Amino acid sequence: MKVDNRLNTAKLKIFYMIMLGVIFSLLAYYFFEDKDADKIIYKSVPFVIGLLVLTYFSFLIRKSNYFYLEYIGKKITIRFYTAHPIFRNYKAIEIQKTYFYDYEIKKSLLGLRKDLQIAVKTPKGKFKYPPLSISLLNKEQYQKLIKILDELKKN
């Protein structure tokens, strides 16, 4: 069983790149265009740039990540990285099925941001992994993830 949101992550990555391109293009237009040419368009450009930057930062605050969880045999493999095309940090976690103890899903920002925190119980004691963003999962993937984690919790 696995959960993979590769398609949603790719769409968001393309959205980020387009937004950055449009923002920089409008900034170049604003600074290099003749200020007397078309005053209505020229004066509305800062408003449009501000709106685009606000939208861009709202997506950054949401912390959308690529999330992959695979449960095969005796181990759980989790891979994740940020959907933003710049400064990606690829990470992976492997957990033995017998060590899985509990999980918690935290919602914030009016339910727009969802974080998964996994707890394990090893012979050395209990440990909680840092929260992983699952904001990009659609309903079907989210339900599948809950089903997998509930099954692991029972064992």
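Residues numbered from 1 in each chain as written. Predicted model: local features only at pLDDT ≥ 70, side-chain atom pairs only at ≥ 80, totals over all residues. Heavy atoms only, no water.

Caption draft 1: Spotlight on the packing of helix 1 (residues 6-32) against helix 2 (residues 39-61). Contact geometry for helix 1 and helix 2: axes closest at 10 Å, N-to-C directions at 155 degrees. Compared by their axis directions, helix 1 and helix 2 come out roughly antiparallel. Every pair of crossing elements has a handedness; the one defined by helix 1 and helix 2 is left-handed. Contacts from Leu12, Phe15, Tyr16, Met19, Leu20, Val22, Ile23, Leu26, Leu27, Tyr29 and Tyr30 in helix 1 reach Ile41, Tyr42, Val45, Pro46, Val48, Ile49, Leu52, Val53, Thr55, Tyr56, Phe59 and Leu60 in helix 2. (Axes fitted to C-alpha atoms, helices over the stretch in contact; angles between N-to-C directions. Helix = DSSP H or I, 4+ residues; strand = E, 2+ residues; numbered from the N terminus. Parallel < 35°, antiparallel > 145°, perpendicular 65-115°, else oblique. Left-handed = near helix turned anticlockwise from the far one by under 90°. Contact = heavy atoms within 4.5 Å.)

Caption draft 2: Fine view of the nonpolar core. By size, the foremost hydrophobic cluster in this structure holds 24 residues, and its most contacted members are Phe67, Ile78 and Leu145. When residues of this core are traced back to their parent elements, those giving at least two are strand 2 (65-72), strand 3 (75-82), strand 4 (91-96), strand 5 (100-108), strand 6 (113-122) and helix 3 (139-154). Top contributing element to this core by residue count: helix 3, with six residues. When sequence neighbours within four positions are dropped, the list of residues in contact with Leu145 reads Val3, Phe67, Leu69, Leu116, Ile134 and Leu137. Of all hydrophobic cores here, the second largest spans eight residues; its members include Leu12, Leu52, Ala83 and Leu136. (Core = buried A, V, L, I, M, F, W, Y, C linked by side-chain atoms within 4.5 Å. Buried < 20%, exposed > 50% of the residue type's maximum accessible area, 1.4 Å probe, protein only.)

Caption draft 3: Local environment of the environment of Lys153. Looking at the element boundaries, Lys153 is found in helix 3. For Lys153, a relative accessible area of 44% corresponds to the partly exposed category. Sequence separation of Lys153 and Pro131 is 22 residues, and the distance between their C-alpha atoms is 18 Å. Sequence-distant contacts of Lys153, that is, excluding residues within four places in its chain, are made with Phe100, Tyr101, Asp102 and Tyr103.

Caption draft 4: Layout of the pairing of strand 6. The buried fraction of strand 6 is high, at eight of ten residues. One ladder, built from eight bridges, connects strand 5 with strand 6; its direction is antiparallel. Looking across to strand 6, one finds that Asp102 is bridged to Ala119. If you look at the hairpin formed by strand 5 and strand 6, you'll find four residues sitting between the two strands, and Leu109 has a positive phi there, around 55 degrees. Pairing of strand 6 with strand 8 (residues 132-133), which is carried by two bridges, proceeds in the antiparallel orientation. The residue of strand 8 that forms the bridge with Leu116 is Leu132. (Pairing = 2+ DSSP bridges.)

Caption draft 5: The pattern of salt bridges, seen in detail. Going through the model one piece at a time under the given rule, you end up with four salt bridges. A salt bridge links Glu94 to Lys75; the shortest N-O distance between them is 3.4 Å. Placement of the pair is Glu94 in strand 4 and Lys75 in strand 3, with a sequence separation of 19 residues. Of the charged contacts, one joins Lys153 and Asp102 as a salt bridge, the two residues approaching to 3.0 Å between their closest N and O atoms. Of this pair, Lys153 sits in helix 3 while Asp102 sits in strand 5; the two residues are 51 residues apart in sequence, bridging distant segments of the chain. (Salt bridge = Lys/Arg side-chain N within 4 Å of Asp/Glu carboxyl O.)

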